[in-house]
Amino acid sequence: MNFSRGIPLALAAVFAAGTLMVAAPAAAGDTEHKAPHGHAHDPTDIWAIARGGQIYDNWMAVLEADGPKTTHPAYTAAGKKKGAGTWRCKECHGWDYMGKDGAYAKGSHFSGIKGVRGVAGMDPEKIHKIIMNKTHAYTEAMIPHSAMEKVALFLSKGQIDLDRYIDRKSKVARGNPRRGAAMYQTICAVCHGFDGTEINFKEEPKVEYVGTVCA
Ligand code: HEC
Ligand code: HEC
């Protein structure tokens, strides 16, 4: 499975958060206006953290926003990427939150920038200030305040040690397939089908299904 995608990461965060007994402060009333399907009037912390994780992965997709066309000013000369994609948190800090010390230590995503593991547990307001500093160059027109608050909450309370869930060498998810199958059959199959080929994620004629992303 491609773990750079929003939903699997967010699911991982939700499952991890569920086992961690998260003691997050009550999320403020949500004013995020661009959220698809409206917004939660009484948002739970777990939802805010999971959504923060999705925004960390790809805020342009999650907020349905066009990103800047220019390459991010803090993106390093060592990096090979250009344009809007360089504004994704994960492009600089990694999908494993480990930056140059993780999956992006080499290869086409290398940028040499450090990870964000060090801010886990830090006061979300302090993290929010770091993300809104000059280096980051984000504006509220790009990522509204209430959305960035969730990213800060995610980095403080929602980061997980991805080595527990993904084997770095093979890139295969760890875990117990029989236990996963029980969850899949009871929760997911109703929409995705027992063989995972009911919902196509791509635009026709391209196809990709939950049952084929690992294939
Ligand atoms: C173009 C690259 C780039 C992007 C995109 C980017 N950052 Fe950063 N970020 C940096 C750099 C550079 C630093 C400073 C690293 C250092 O001190 O060595 C930094 C530092 C941080 C830190 C502090 C880490 C620490 O341990 O001190 C946090 C937290 C952070 N970024 C969060 C984010 C979030 C959240 C996003 C997305 C909304 C984001 N960053 C997007 C380049 C980027
Ligand atoms: C009520 C229906 C429903 C249920 C239940 C459901 N899904 Fe989905 N799922 C969807 C829809 C709709 C999409 C979006 C398809 C698209 O992007 O066009 C989706 C997308 C996804 C994606 C792709 C995300 C991406 O960004 O590419 C994954 C992975 C996924 N679901 C996994 C699961 C898993 C695992 C479960 C069970 C824990 C589950 N789904 C339960 C309806 C459902």
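Scoring rules and cut-offs
Residues numbered from 1 in each chain as written. Chains lettered and ligands numbered in written order. Predicted model: local features only at pLDDT ≥ 70, side-chain atom pairs only at ≥ 80, totals over all residues. Heavy atoms only, no water. Helix = DSSP H or I, 4+ residues; strand = E, 2+ residues; numbered from the N terminus. Buried < 20%, exposed > 50% of the residue type's maximum accessible area, 1.4 Å probe, protein only. Contact = heavy atoms within 4.5 Å. Areas by Shrake-Rupley, 256 points an atom, 1.4 Å probe, with all protein chains shown as cover. Core = buried A, V, L, I, M, F, W, Y, C linked by side-chain atoms within 4.5 Å. Axes fitted to C-alpha atoms, helices over the stretch in contact; angles between N-to-C directions. Parallel < 35°, antiparallel > 145°, perpendicular 65-115°, else oblique. Left-handed = near helix turned anticlockwise from the far one by under 90°. Nonpolar A, V, L, I, M, F, W, Y, C, P; charged D, E, K, R; others polar. Donors = N, O, S within 2.8 Å, 3.2 Å for Na, K, Ca; no water. Tetrahedral: all angles 85-135°; square planar, octahedral: opposite > 155°, others 65-115°. pLDDT = per-residue confidence, 0-100. Expected span 1.5 Å × (residues − 1). Bend = angle between axes of the 7 residues up to and from the residue.

In terms of regular secondary structure, the protein chain is built from six helices and zero strands. When the helices and strands of the protein chain are read in sequence order from the N terminus, they spell out α-α-α-α-α-α. Of all 215 residues assigned to the protein chain, the portion counted as buried reaches 41%. The contacts in the protein chain between residues at least 6 apart in sequence include a share of 52% that link residues at least 24 apart. Of the roughly 12500 Å² that the protein chain leaves accessible, carbon and sulfur atoms contribute 58%.

Our next topic: the nonpolar core. The biggest cluster of nonpolar side chains holds 31 residues, and the ones touching the most others in it are Trp 59, Ile 131, Tyr 138, Ile 143 and Leu 155. Secondary structure elements with two or more residues in this core: α2 (45-62), α4 (124-131) and α5 (145-158).

Contact geometry of α4 with α5 gives a least axis separation of 8 Å together with a crossing angle of 120°. In terms of orientation, α4 and α5 fall into the oblique class. For the element pair α4 and α5, the recorded crossing hand is right-handed. Residues Pro 124, Ile 127, His 128 and Ile 131 of α4 touch α5, and the partners they reach there are His 145, Met 148, Glu 149, Val 151, Ala 152, Leu 153, Leu 155 and Ser 156. Of the residues assigned to the contact of α4 with α5, the class counts are eight nonpolar, three polar and one charged.

Moving on, we come to the coordination of the iron atom of ligand 2. Protein coordination of the iron atom of ligand 2 rests on one atom only, His 192 (NE2), at 2.0 Å. If you trace the backbone, His 192 turns up in helix α6 (residues 177-192).

The subject of this paragraph is unusual backbone geometry. The peptide bond linking Glu 204 to Pro 205 adopts the cis configuration, its omega dihedral lying at 5°. Locating Pro 205 in the fold gives a position in the segment after α6. In this structure, Glu 64 takes a positive phi of about 50° despite not being glycine. In this structure Glu 64 comes out as exposed when scored by relative accessible area, which is 59%. For Tyr 97, which is not glycine, the phi dihedral falls at a positive 65°. Tracing the backbone through its elements, the reader meets Tyr 97 in the loop between α3 (89-93) and α4. Here Tyr 97 falls in the buried class, since its relative accessible area comes to 2%.

Those protein atoms acting as donors to the iron atom of ligand 1 are His 93 (NE2) and His 136 (NE2), and they sit at 1.9 to 2.0 Å. Its six donor atoms give the iron atom of ligand 1 angles of 88 to 180° at the centre, a pattern that matches the octahedral case. Of this pair, His 93 sits in helix α3 while His 136 sits in the loop between α4 and α5, and the two are 43 residues apart along the sequence. His 136 shares its class with His 93; the two are buried.

Here we take up the confidence of the model for the protein chain. Confidence along the protein chain averages 86 in pLDDT terms, with 83% of residues attaining 70 or more. Of the regions scoring below 50 in pLDDT, residues 1-29 engages in 50 contacts with residues more than four places distant in sequence or in other chains.

Here we take up α2. Because each turn of an α-helix spans 3.6 residues, side chains separated by three or four positions end up pointing in the same direction. An ideal rise of 1.5 Å per residue puts 26 Å on 18 residues; α2 reaches only 18 Å between its terminal C-alpha atoms. At Tyr 56, α2 is bent by approximately 80°, the largest bend along its length. In terms of burial, α2 is a largely internal element, 15 of the 18 residues being buried. Backbone geometry just downstream of α2 places Glu 64 in the positive-phi region, at approximately 50°.

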